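Examining the three-dimensional arrangement
The primary structure of each chain is shown beneath.
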Amino acid sequence: MNRPASIRTAVEARLARRHRSERRFQFYGAAAICLAVAFLCLLIGSILIQSVPAMTTWRMTLEVELDRQTIDPRGDMSEASLRRGGYNAAIQNALRAQFPDVEDRAELRELFGLYSSVNAARLLNRVVQDPSLVGRTVSFTLPIDDDADLYLKGVSVRESRAPGPAPVRIERREGRAVSLASDTAVFDAYVEDVREVARERARTLEQRALRAEAALADTIDRDIRAIYEAEARRARVQAERLRERLDDGAPVVLGPQIPSLLIQVSGAVIRITEVSADRSSAQGEIVISAALDEAAHADWTLWTLETPQAGRLISDRQIAWADALRERGLTRSGFNTELFTYADSREPELAGVLGALIGSVLTMFVTMLLAVPIGVGAAIYLEEFAPKNRITSIIEVNINNLAAVPSIVFGLLGLAVFINTFGLPRSAPIVGGVVLALMTLPTVIISSRAALKAVPPSIREAALGVGASKTQAVFHHVLPLAAPGILTGSIIGLAQALGETAPLLMIGMVAFIADAPTLGLSGFTEPATVMPVQIFLWSSAAERAFEARTAAAILILLTLMVSLNAAAIYLRRRFERRW
Amino acid sequence: MAYDTNPAPSTVYHPAPPGMQIKVAARDLSVTYGDALALDRVQIDIPDRSVTACIGPSGCGKSTFLRCINRMNDTIDTARVRGSIKIDGEEVNDRSIDPVLLRARVGMVFQKPNPFPKTIFENVAYGPRIHGLAANKDELAAIVETSLTKAGLWKEVADRLHQPGTSLSGGQQQRLVIARAIAVNPEVILMDEPCSALDPIATARIEELIDELRENYALIIVTHSMAQAARVSQMTAFFHLGALVEYGPTEEIFTNPRDQRTQDYITGRFG
């Protein structure tokens, strides 16, 4: 080390700074990776958590009597006759047999809301396949309505049960009305609850009224003023009504805005309609009846549904019925196979991704068949054979530009060219596949060209040197070496197409398709939808049960993507050769 | 073009050795890459069954000259070849000549060993197979064996013919590549710095091989090593700035260079 001292110190002075900047850069890199991983975990975790309710489903098993007269109206046991049978009525009768108290029409409608009438078609199919069932009683398992399902899963309704603090006497009145009386204030806890909730709600209502009034002061337009005025008035009136209920001296009248109270006593369920001012007695109606003697009952349960009726889609009675079905062992929770074996449906409990999966498979098949051979062929020609002149460079630039074109533009093209000009069917996988193939082509071409370019020129020279023609050199030597890269690029392009929604919206693949397309040649022209579009449709559906199903469908799509990418990695490893 | 107005580059020709049979003859051979002149009106007669070494500093055009002989310059888009080059009196640059056929007659060995990423057997068998030189598997196996034997590699690889060619050492790979070139039974073998990526022992082995191959082929070898040129070649051509400066029997060039540039180069004054 015979450097002059001055140079040494100069280098040393910079050295510390260089090391520092290197460490800083490494820290930034690690931080960026940590952030990305954290977001990924957050994303997958939240989807997983959200999809949990869709993993299982509650089903009820009913003993359905297939009465000869209802099921076979013509009495000749022909298929046409069997198809006209009253299957829904049979299911309704089976359900009514469970709850004989229900009589009035509105209540019956509520009861039948526990299942979807679509299930009648499933029963029909079973009978048509096996006509010997007619006249017998079959046990029929059907998924319970989505709102009841969510209740049974405990995700949509907050509820609490507490043993009755003191004996209560129950007195039957006319019809199903009953009155309950006790020596102590047994409803005290409930009323306190209600008052807390009511107070909270009154506060929010008053705030809403204040906001509307503030907005009113700033508005000149008459129509808009009227809207604000109405809103402020409504909020004030509702708040006032709630405050009245808080009045200590008044009885509490149960309504849709406050928590509901049900009483369970020796098998019967009573829905409370009014609690007296002294909180020791109440009026109610029987939802599920049982033999009740006039003596005081010590063993009873206060069942509070803390989510008010206005905040849920399942009524008090439906909750009582669903709970009773569970108590009687008629409902069972199991893996949600419907999600995989059914196509789309308006009823979440009968909605599945099968139709979308088949649609995706058909669409991807068309895309693969077009994009991979054309893309790889174009890449080979451009990279190995095409003369390097102005025309090829223009083509090259445009291919790169096409890769950056918003995918919806390809959808517009598909609509204008394939559907309008060529008259291909709407919503069909064949059109979707062609459109996605156009979208994927640039990706395939660019990645294939990169893979071909990465093959060392020495291999080409070696092949040409022993007298191989250009084509032989390319197909015998260059292409096998580029194959892993080409495969990876193609699969990534296909995965991208698999997750694409926008262009398919344009060609009508966003339609509601209740029947899964045929997994065969005719399926290509049948209306279909694909996985990402299904997710899009479900995410905007009103039913709450679709929320979890959306997350579950995303998981299924993600699984598909990950397995496609895993296949790409596997193929790459498998075919990769050193040179 | 501007250089057309220049006087032709004057090349010093030493008297040819007695009984020289001309294999490759170039007349007024010029090559341009775009605007750059790489080879300027070269005139040369290369003898059969001997080794001709092309020497000269980097960028002097010796590799370009080599690539003219089997038309490898065709693969470079910007390359333009003018003038005539004949093998056994047959014009190479003629349109009627199929480069594929030409390259079967003129084998080439590159600077870096470039075996195909296939088995040793496949490497050698590829040429005969595409040219249809073997009628059946046994014939093909025989061609592979003779080629590997001629390349002096058979003993080393006989028991592992189905291992990848890339698993061999650098020197072995270069001999494998030579075997691959021999397998199609060429008349001329071009070698572009065949030993520059090898250690001295492997180099010695290749040089030995080149000396053996001289019996049957016309070899043209580009080298940066003056010692190598002196050791293996019978004829030497010295190129400088695209022009052929001096050409003649190796002994003459190395002991009695007539051009100042040749003298400076071989005595190590530049290059």
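Each value, and the rule that gives it
- Residues numbered from 1 in each chain as written.
- Chains lettered and ligands numbered in written order.
- Predicted model: local features only at pLDDT ≥ 70, side-chain atom pairs only at ≥ 80, totals over all residues.
- Heavy atoms only, no water.
- Helix = DSSP H or I, 4+ residues; strand = E, 2+ residues; numbered from the N terminus.
- Rg over C-alpha atoms; globule rule 2.2 N^0.38 Å.
- Buried < 20%, exposed > 50% of the residue type's maximum accessible area, 1.4 Å probe, protein only.
- Pairing = 2+ DSSP bridges.
- Axes fitted to C-alpha atoms, helices over the stretch in contact; angles between N-to-C directions.
- pLDDT = per-residue confidence, 0-100.
- Contact = heavy atoms within 4.5 Å.
- Phe/Tyr/Trp six-rings, centres within 6.5 Å; stacked < 30°, edge-to-face > 60°.
- Lys NZ or Arg CZ within 6 Å of the ring centre and 35° of its normal.
- Domains from an automatic or database assignment.
- Buried area = accessible area lost by both parts, 1.4 Å probe.
- Polar contact = N/O pair within 3.5 Å; in protein donor to acceptor, adjacent residues only side chain to side chain.
- Expected span 1.5 Å × (residues − 1).
- Salt bridge = Lys/Arg side-chain N within 4 Å of Asp/Glu carboxyl O.

1. A short note on the overall build of chain A
When helices and strands are tallied, chain A shows 20 helices and twelve strands. A compact globule built from 579 residues should have a C-alpha radius of gyration of about 25 Å, whereas chain A, at 34 Å, is more than 25% larger. For chain A, the C-alpha atoms occupy an extent of roughly 110 × 90 × 60 Å along the three principal directions. The burial tally for chain A puts 44% of its 579 residues in the buried class.

2. What to know about the sheet that holds strand β1 (residues 56-65) of chain A
All names here are of chain A. Taken in spatial order, the three strands make up an open sheet running β2-β1-β12, and their pairing is antiparallel. The open sheet has two edge strands, β2 (137-143) and β12 (331-335), and neither has a second partner. Each neighbouring strand pair of the sheet contributes to a mean axis angle of 35 degrees, computed without reference to strand direction. Pairing of β1 with β12, which is carried by five bridges, proceeds in the antiparallel orientation. Residue Met60 lies in a different strand from β12, and its bridge partner there is Thr331.

3. Comments concerning the sheet that holds strand β6 (residues 90-91) of chain B
Residues and elements named next belong to chain B. Taken together, four strands build an open sheet; the order of strands is β3-β2-β5-β6 and the sheet is antiparallel. Looking at the sheet topology across the chains shown, the edges are occupied by β3 (36-47) and β6. Pairing analysis gives eight bridges linking strand β2 (residues 22-33) to β3, with the strands arranged antiparallel. Within the sheet, the bridge partner assigned to Ala26 lies in β3 and is Ile44.

4. Here we look at the confidence of the model for chain B
Of all residues in chain B, 96% have pLDDT values of 70 or greater, and the mean over the chain is 88. The model gives residues 1-5 of chain B a pLDDT under 50, and that stretch makes seven contacts with residues more than four places away or in other chains.

5. As for the packing of aromatic side chains
This model, assessed by the stated rule, comprises ten aromatic pairs over all chains. Relative to B:Tyr265, the ring of B:Phe238 has its centre 5.1 Å away and its plane inclined at 35 degrees; by these criteria the two rings are tilted. Placement of B:Phe238 in strand β10 (residues 235-240) and of B:Tyr265 in helix α11 (residues 260-266) is noted, with a sequence separation of 27 residues between them. B:Tyr265 shares its class with B:Phe238; the two are buried. It is A:Arg346 that lies over the ring of A:Phe512; its NZ or CZ is 3.9 Å from the centre.

6. Details of the domain arrangement of chain A
Residue and element names in this part refer to chain A. The assigned domain composition of chain A is domain 1 (1-157 + 312-336), domain 2 (162-310) and domain 3 (348-575). The C-alpha centroid of domain 2 is placed 31 Å from the C-alpha centroid of domain 1. Of the residues lining the interface, 17 residues belong to domain 1; the matching set on domain 2 comes to 17 residues. Between domain 1 and domain 2 lies a buried interface of about 1400 Å² when both sides are counted; carbon and sulfur atoms form 50% of it. Of all residues in domain 1, Asp101, Arg312 and Asp316 give up the largest surface area on contact with domain 2, accounting jointly for 46% of the area buried on that side.

7. Considering the environment of A:Thr488
Residue and element names in this part refer to chain A. Here Thr488 shows up in helix α17 (residues 470-498). Sequence separation of Thr488 and Arg574 is 86 residues, and the distance between their C-alpha atoms is 12 Å. In this view, Thr488 contacts Ala568 and Arg572; residues no more than four positions away in its chain are not counted. Looking at Thr488, its side chain comes within polar contact range of the main-chain oxygen of Pro484, at 2.6 Å.

8. Considerations on the pairing of strand β8 (residues 188-192) of chain B
Residues and elements named next belong to chain B. For β8, a buried count of five out of five residues is recorded, marking the element as mostly surrounded by other parts of the structure. Where burial is concerned, the two faces of β8 agree: the one with Val188, Leu190 and Asp192 and the one with Ile189 and Met191 are both buried. As paired elements, strand β7 (residues 106-109) and β8 share four bridges and run parallel to each other. Note that in β8 the partner of Val106 across the bridge is Val188.

9. Focus: helix α14 (residues 407-421) of chain A
Residue and element names in this part refer to chain A. Under the 1.5 Å per step criterion, the end-to-end length of α14 is 20 Å for 15 residues, consistent within 8% with the ideal 21 Å. Those residues of α14 not exposed but buried are Ser407, Phe410, Gly411, Gly414, Leu415, Phe418 and Ile419. Contacts from the buried residues of α14 go to α13 (390-403), α15 (429-453) and α18 (502-506). Of the residues trailing α14, Gly423 is marked for its positive phi of about 70 degrees.

10. Focus on the interface of chain B and chain A
Contacts between the two partners involve 22 residues from chain B and, on the opposite side, 19 residues from chain A. Counting each side, the surface lost to burial between chain B and chain A is near 1700 Å², with a carbon and sulfur contribution of 63%. Summed over the three residues of chain B that lose the most area to chain A, namely B:Phe116, B:Pro117 and B:Tyr126, the buried surface amounts to 31% of that side. Summed over the shared surface of chain B and chain A, the number is one salt bridge. In this structure, B:Arg67 engages A:Glu461 in a salt bridge whose closest nitrogen and oxygen atoms are separated by 3.2 Å. At the junction of chain B with chain A, the criterion picks out six residue pairs in polar contact (both at pLDDT 80 or more). Those elements that place two or more of their residues in the side of chain B that touches chain A are α3 (99-105), β7 and α4 (120-131) of chain B.

11. Some details on unusual backbone geometry
Residue and element names in this part refer to chain B. With phi around 50 degrees, Arg49 is a residue other than glycine that occupies positive phi space. Considering the arrangement of structural elements, one finds Arg49 in the loop between β3 and β4 (51-55). Its identity is not glycine, yet Glu193 carries a phi of approximately 45 degrees, on the positive side. Of note, Glu193 is situated in the loop between β8 and α8 (200-213). Taking the relative accessible area as the measure of exposure, Glu193 reaches 11% and is therefore buried.

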